[in-house]
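Residues per chain, in single letters:
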Number of protein chains: 2
Amino acid sequence: MSFINIPKDCDFTLANIPFGIFSTSANPTRRPCTAIGTQILDLSSPFLSKALKADNAANICDALQSTTLNAFAALGKPARVAVRNAVLELVKTDSQWQGEVERTLVPMSDATMHLPMEIGDYTDFYAGLNHAFNIGTLFRGPANALQPNYTHLPVGYHGRASTVVVSGTPIRRPLGQTCPPTNSTPNFDACKRLDIELELACYISLPNEMGERVDIDDAGEHIFGYSLMNDWSARDVQAWEYVPLGPFNAKNFGTTVGAWIVTDEALGGFRTRGLDGRGTVLLPYLKEKDEGKGVFDVTLDVFVKPNGKEGFSKVFATNAKNLLFSFSQMVAHHTVTGCAMRTGDLLGSGTISGTDKTSVGSFLEANKNGKEEVDVGSGVGRMWLEDGDEVVLRGYAGDGDKRVGFGECAGVILPAKWGRLERVQGQAKQV
Amino acid sequence: MSFINIPKDCDFTLANIPFGIFSTSANPTRRPCTAIGTQILDLSSPFLSKALKADNAANICDALQSTTLNAFAALGKPARVAVRNAVLELVKTDSQWQGEVERTLVPMSDATMHLPMEIGDYTDFYAGLNHAFNIGTLFRGPANALQPNYTHLPVGYHGRASTVVVSGTPIRRPLGQTCPPTNSTPNFDACKRLDIELELACYISLPNEMGERVDIDDAGEHIFGYSLMNDWSARDVQAWEYVPLGPFNAKNFGTTVGAWIVTDEALGGFRTRGLDGRGTVLLPYLKEKDEGKGVFDVTLDVFVKPNGKEGFSKVFATNAKNLLFSFSQMVAHHTVTGCAMRTGDLLGSGTISGTDKTSVGSFLEANKNGKEEVDVGSGVGRMWLEDGDEVVLRGYAGDGDKRVGFGECAGVILPAKWGRLERVQGQAKQV
Ligand SMILES: [Ca+2]
Ligand SMILES: [Ca+2]
Ligand SMILES: [Mg+2]
Ligand SMILES: [Mg+2]
Ligand code: NI
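About the thresholds
Residues numbered from 1 in each chain as written. Chains lettered and ligands numbered in written order. Predicted model: local features only at pLDDT ≥ 70, side-chain atom pairs only at ≥ 80, totals over all residues. Heavy atoms only, no water. Salt bridge = Lys/Arg side-chain N within 4 Å of Asp/Glu carboxyl O. Helix = DSSP H or I, 4+ residues; strand = E, 2+ residues; numbered from the N terminus. Expected span 1.5 Å × (residues − 1). Buried < 20%, exposed > 50% of the residue type's maximum accessible area, 1.4 Å probe, protein only. Pairing = 2+ DSSP bridges. Donors = N, O, S within 2.8 Å, 3.2 Å for Na, K, Ca; no water. Domains from an automatic or database assignment. Contact = heavy atoms within 4.5 Å. Buried area = accessible area lost by both parts, 1.4 Å probe. Nonpolar A, V, L, I, M, F, W, Y, C, P; charged D, E, K, R; others polar.

## What about the pattern of salt bridges?
Side-chain pairing between opposite charges can occur once the charged atoms of the two side chains come close. All names here are of chain B. If you walk through the whole model with that rule in mind, you get 57 salt bridges over all chains. Its salt-bridge partner being Glu100, residue Lys50 comes within 2.8 Å of it at the nearest N-O pair. You can see Lys50 sitting in helix H1 (residues 48–51) and its partner Glu100 sitting in helix H5 (residues 98–104), a full 50 residues away along the chain.

## Section: helix H4 (residues 76–91) of chain B
When the terminal C-alpha atoms of H4 of chain B are compared, their 23 Å separation across 16 residues agrees well with the 22 Å that a helix rising 1.5 Å per residue should span. Every buried residue of H4 of chain B is accounted for by Gly76, Ala79, Arg80, Ala82, Val83, Arg84, Ala86, Val87, Leu90 and Val91 of chain B.

## Describing the sheet that holds strand E20 (residues 313–319) of chain B
Residue and element names in this part refer to chain B. As summarised here, the arrangement of the five strands in space is E9-E25-E24-E19-E20, forming an open sheet in which the pairing is mixed. Of all the strands in the sheet, the pair left with one neighbour each is strand E9 (171–172) and E20. Relative to strand E25 (residues 404–414), strand E24 (residues 390–397) runs antiparallel, the two being bridged by seven bridges. Each bridged residue has a counterpart across the sheet, and for Arg394 the counterpart in E25 is Glu408.

## Thoughts on the coordination of the calcium ion (ligand 1)
Residue and element names in this part refer to chain A. Note on the calcium ion (ligand 1): its protein donors are Asp124 (OD), Glu197 (OE), Glu199 (OE) and Asp231 (OD). The metal-donor distances range over 2.2 to 2.3 Å. Ordering the donors of the calcium ion (ligand 1) by residue number gives the pattern D-x72-E-x1-E-x31-D. With Asp124 in strand E6 (residues 122–125) and Glu197 in the loop between strand E12 (194–195) and strand E13 (198–204), the pair connects residues that are 73 residues apart, well separated along the chain. Classification of Asp124 as buried rests on a relative accessible area of 1%.

## So, the domain arrangement of chain A
All names here are of chain A. Entries for chain A in the domain assignment read domain 1 (20–114) and domain 2 (122–426). Taken over C-alpha atoms, the centre of domain 1 sits 30 Å from the centre of domain 2. Across the contact, 19 residues belong to domain 1 and 15 residues belong to domain 2. Summing both partners gives a buried area of about 1,400 Å² for domain 1 against domain 2, and 65% of it is carried by carbon and sulfur. Inspection of the region where domain 1 meets domain 2 yields two salt bridges. Here Glu265 and Arg80 are joined by a salt bridge, their closest N and O atoms 2.8 Å apart. A per-element tally of the side of domain 1 that touches domain 2 places helix H4 (residues 77–91) first, with four residues. When grouped by side-chain class, the residues that make up the side of domain 1 that touches domain 2 number 11 nonpolar, five polar and three charged.

Given below as structure tokens:
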């Protein structure tokens, strides 16, 4: 119990204690924080040291005098646990530090949240088997939906780190080349098939040197925590550009992460079994000691507020357990070549979908590749996102005072910016 | 003319003045430098300010008190030109600063070179049309060698920035999954088809904000300079993993860049026409004002010293003009979505190949996908790289006292590191 009020159905109970970076108009310096109820607790405050029980307490406090969480994350799990425990001491009912803490609390509504980590490299996986199957079925039919490698390794690709932004940052509709099947030469236009991808992501804590790998048994120690992620996608750009080297401009215009990083200390109790690998026997480097605990039972919801309407409606609802591979398996696979990971690196899970039309993580699946409009509430149907549409992802596990939530991962679509460029209509295919 | 001796056939004439980062055992602090003859000139030395003619001379000198070239590159072309001109004043015959300069010169053999830029994101393009055609022909035949998008846009993908290393850094053979056509389940083994990719690369100077783009007419202003690059590639890993999202572990174990960044001030005189786009009319955002000057007439050579042998032999020889798209076109395409570029971002050209067997930039092309051994000198044939093999890329334009060279881009292959993992032979395909 805490002297801080925690409303019903709040993401930020005492079971959570997530990490983020905030600033205020009174103090614009970015600094580490946690969230309790609707309040933000400044972790760069001097009182933290009073409750911190760790041999390296001074190092930890130093690491928290920073504009990102990287230095803190690099100290690994013991530091994370020590700060968590210190926070619980500071805010508990009858805490000896109640007065001090109360004077520094900032209501969330008065805080600006920032990108929590400096991201060296961002990798996006494709471990949502139902999503991969849904997409593969649309383009190749159910028999060939999954590629032969799919159940043997976590398929992934390198993403663009420079455009990973924190929840709330507007996303500008990209311009690009598209080439519909009726064209013989490409169009140049604003993206007409703007989509979301609902993902969970993790950040790296302990780095590994180039030429070394992170063993699957140690991978958990290299993960700082988890966040919501929206991998905005330009489907028409992607369809034309992606052969043979994968998605590029279709993804590089923006990826939104939640402001809060939720740790394994909070989520560990919600570990569960992931999707079935259809009989594939995994190679030893991908075998987890406890195969039944690889993923998280986290409810994931997608809300949309169509341009010009008042309220958000829940459009899709799924669960983070819909993954074939765990983040530990992703880390082990990514580094098995000797690929170096740095503190702050971001790994996306891939789109997370269930098996029916409303339990998906993208419009592409729900609209059957542009064939069926999706009900986005407020009496509106949408094939793809329009300018002014707002999307909010939410995720949480548990309930009551044990609820552990991610806050929101939000973005609004800005109209394309043309500058001196103009729309070009390519040539029609001769028939 | 300079009081510094410049040997015959030297890459580092007064026409060059490249930029790099060095340290010495006497002074292990990394700092900016240029190369003249076989000497290194420390650009963090106080005497630079004496010869520097620029309104922002103090800013420039500050930016050069740094362990990377990022701060200097961010000042753009005027600062680059001012430093170039100052260097030429400092080292000219009868320079008033000769004594001071001579006391600070360091022989290259006494210097350690470091990664010149802090790289935020690394993108690898695929603009070597002959290479794409050679590879496409091997896998799909000449009629379908190039994908429909190939001549319309510079195909590219995001690479791994954390494992970009400077020339001379050893490269460890990666472990990974492979699945030869005779297998029904994958093997786990050390890469057996380790290859190089000979590329030219550029670094970004001026950044652009997310949501903005760099116009093709301005793209040159956003490029700091050019470097050699070896995109080491695990072909057997790539063949199994790359569908449908592109190369990932096949590339993330290491990418080597040359230590020297050669500027447009040095290379501009060698601009020439790139490869023909087979009649494709480019969209306006990719059209250059001067279409005949997009690429560089730079001789590119690949030398190999097989494990246990004494000398290097020239194995492949080609030219950097074998590109369908210029770096300006790559920048314009990459940012047309509003993708932010940061100072220090690295863009690879894609493998550069000519049209015959010895003018290629990879073993994959020369050995016809593992069918014909390649003569690597010293009486040795190689299908792919073996442990202990050393590869050196070199590149230069012009000759005599106008020669502009890149130095070398070198790496040696270390044996795979197994740790507790073991080789696994997958199941054979039932026939
Ligand atoms: Ca994705
Ligand atoms: Ca390449
Ligand atoms: Mg994205
Ligand atoms: Mg590479
Ligand atoms: Ni990156």
